[in-house]
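# Per-entry structural report
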Amino acid sequence: MTKQELRNAMKKKVIVRRDDRSINILKRLLEHPRFLSASSILLYASLPHEVDTGKLVTICLKTKTVVALPKVDSGQQELRLYQVRSLQDLSPGAFGITEPLPEREVLLEDIDLAIIPGIAFTRSGQRLGRGKGYYDKLLAGRKGENPYTVGLAFEEQIVENLPRMPHDVDLDLIITG
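Below, the structure is looked at part by part. (Residues numbered from 1 in each chain as written. Predicted model: local features only at pLDDT ≥ 70, side-chain atom pairs only at ≥ 80, totals over all residues. Heavy atoms only, no water.)

Secondary structure summary: the protein contains five helices and eleven strands in total. Relative to its length of 177 residues, the protein is compact, with a C-alpha radius of gyration of 15 Å against a globular reference of 16 Å. Projected onto its principal axes, the C-alpha positions of the protein cover 40 × 35 × 35 Å. Across the protein, every contact between residues at least 6 apart in sequence was considered, and the portion connecting residues at least 24 apart equals 69%. As displayed, the protein offers around 8,900 Å² of accessible surface, 51% of which is attributable to carbon and sulfur atoms. Averaging the locations of the 26 positively and 23 negatively charged side chains of the protein gives two centres separated by 3 Å. (Helix = DSSP H or I, 4+ residues; strand = E, 2+ residues; numbered from the N terminus. Rg over C-alpha atoms; globule rule 2.2 N^0.38 Å. Contact = heavy atoms within 4.5 Å. Areas by Shrake-Rupley, 256 points an atom, 1.4 Å probe, with all protein chains shown as cover. Lys, Arg positive; Asp, Glu negative; His and termini not counted. Charge placed at Lys NZ, Arg CZ, Asp CG, Glu CD.)

To continue, consider the pattern of salt bridges. Scanning the model with the defined rule gives twelve salt bridges in all. Measuring nitrogen to oxygen at the nearest pair gives 3.0 Å for the salt bridge that ties glutamate 99 to lysine 71. Of this pair, glutamate 99 sits in strand β5 (residues 98–100) while lysine 71 sits in strand β2 (residues 66–73), and the two are 28 residues apart along the sequence. Lysine 71 gets classed as partly exposed once you look at its relative accessible area, which sits at 23%. A salt bridge links aspartate 136 to arginine 127, with the nearest nitrogen and oxygen atoms 3.6 Å apart. For aspartate 136, a relative accessible area of 9% corresponds to the buried category. Judged by relative accessible area, arginine 127 falls into the buried class, the value being 7%. (Salt bridge = Lys/Arg side-chain N within 4 Å of Asp/Glu carboxyl O. Buried < 20%, exposed > 50% of the residue type's maximum accessible area, 1.4 Å probe, protein only.)

Right, let's talk about the nonpolar core for a bit. In terms of nonpolar packing, the biggest core is built from 44 residues, with Leu29, Leu43, Leu113, Ile115 and Leu152 touching the most fellow members. Considering every element that reaches this core, the biggest residue donor is β2, with five residues. If you look at the next biggest cluster of nonpolar residues, it comprises seven residues, including Ile119, Leu128, Val159 and Leu162. (Core = buried A, V, L, I, M, F, W, Y, C linked by side-chain atoms within 4.5 Å.)

For the rest of this paragraph, the subject is the sheet that holds strand β1 (residues 40–42). Spatially, β6-β3-β2-β1-β7-β10-β11 is the arrangement adopted by the seven strands of the open sheet, whose pairing is mixed. Whereas interior strands pair on both sides, the edge strands pair on one side only; in this sheet they are β6 (105–106) and β11 (173–176). In terms of strand pairing, strand β3 (residues 78–83) meets β6 through two bridges, oriented antiparallel. Its bridge partner being in β6, tyrosine 82 is matched across the sheet by glutamate 105. (Pairing = 2+ DSSP bridges.)

This part is about the pairing of strand β10 (residues 148–153). For a regular strand, the rule is simple: side chains alternate between the two faces of the sheet. Counting buried residues in β10 gives six out of six residues, a clear majority hidden from the surface. Burial along β10 is two-sided: Tyr148, Val150 and Leu152 and Thr149, Gly151 and Ala153, pointing in opposite directions, are all buried. Two elements, strand β7 (residues 113–116) and β10, share four bridges in a ladder whose sense is parallel. Within the sheet, the bridge partner assigned to alanine 114 lies in β10 and is threonine 149.

See below:
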């Protein structure tokens, strides 16, 4: 199965009780030592078939020194990271995804913990992204262990293996619930 075929199949899966299950997954993240020790965090605005990160943004704004979200730089075909200080710093952006205002840029190496979206994951950390390769490009620039990368997934999003390309970047941890 190709990546696009797998994306289409995964998007058709019905996620039952998304809100309740998202809360359980987020609780596991909030208790994780890497989350507890992080002073800076990269989050993403979730889509309807993903673990809901809306409440997580609010929690992190109260508990973390730096909260960043990505913004698509369409000219460069890449993600740029910007600090968010309140929910008012967010607005609809590229592809209908909520993005930060481009005011306070943050470098990837200044992030302790990065929560990365995906459509499908393996338990070993492989991920199938949304299809543009933006996160793989971003994470390819990662130096050393920072940021520690985490995927949040419903059990329905866990697969045995994924089609791989040389540029695909694995995550350090997948949290399910």
